[in-house]
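What follows is each chain in one-letter form.
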Amino acid sequence: MITNYFEDLWKKAEKLGISRHRIGCEVFGKSKYRYIYSQGRVSKYAQQRYKQIEEAINKLAKGE
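Remember, predicted model here, so these are calculated numbers, not experimental data.

Chemist: How should I be thinking about the packing of aromatic side chains in this particular structure?
Modeler: The description of an aromatic ring pair rests on the distance of the ring centres and on the angle between the ring planes. For the structure on display, the rule yields three aromatic pairs. Measuring from ring centre to ring centre gives 5.9 Å for phenylalanine 6 and tryptophan 10, while their planes differ by 55 degrees; the resulting arrangement is tilted. Here phenylalanine 6 matches tryptophan 10 in class, with each residue buried. One aromatic cluster is present, built from ring pairs that chain together Phe6, Trp10 and Tyr50.

Chemist: Looking at this structure, how should I read the confidence of the model for the protein?
Modeler: Parts of the model with low pLDDT should not have their predicted coordinates read in detail. For the protein, per-residue confidence averages 82 on the pLDDT scale, and residues scoring 70 or more make up 83% of the total. Across the protein, the secondary-structure element scoring lowest on mean pLDDT is helix 3 (residues 44-63), at 84, and the one scoring highest is helix 2 (residues 20-28), at 90.

Rules and cut-offs
Residue numbers here run from 1 along each chain, matching the order of that chain's written sequence. Local features in this predicted model are restricted to residues whose pLDDT is 70 or higher, and side-chain atom pairs enter the listing and the counts only when it is 80 or higher, whereas totals over whole chains, interfaces and linings include all residues. Where side-chain values are given, they derive from all heavy atoms of the structure, hydrogens and water being excluded. Aromatic pairs are defined between Phe, Tyr and Trp rings, using the six-membered ring for Trp, whenever the two ring centres lie within 6.5 Å; interplanar angles under 30 degrees are classed as stacked, those over 60 as edge-to-face, and all others as tilted. Each residue gets one of three labels from its accessible area relative to the maximum for its type: buried under 20%, exposed over 50%, partly exposed in between, using a 1.4 Å probe on protein chains only. Within a predicted model, pLDDT stands for the predictor's per-residue confidence, ranging from 0 to 100. Each helix corresponds to a stretch of at least 4 residues labelled H or I by DSSP, and each strand to a stretch of at least 2 residues labelled E; elements are numbered beginning at the N terminus.

Shown next, in the form of structure tokens:
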């Protein structure tokens with residue numbers, strides 16, 4: 001079974017009341033926000049994306 005590489009980020013965002021939709025808009029833009037839902041497969045690309053998603057969560061949390 002493959003575990004979601006970003007599970008801790010999704011839990012952090014949920015605690016802060018930030019949806020994946022908002023994170024997707026922040027990371028990928030409004031036209032491609034759905035890409036956030038395919039995140040979680042462990043690859044070099046995913047490992048790089050992890051930091052970017054965490055920064056987006058922190059930015060959105062500060063803006064509220």
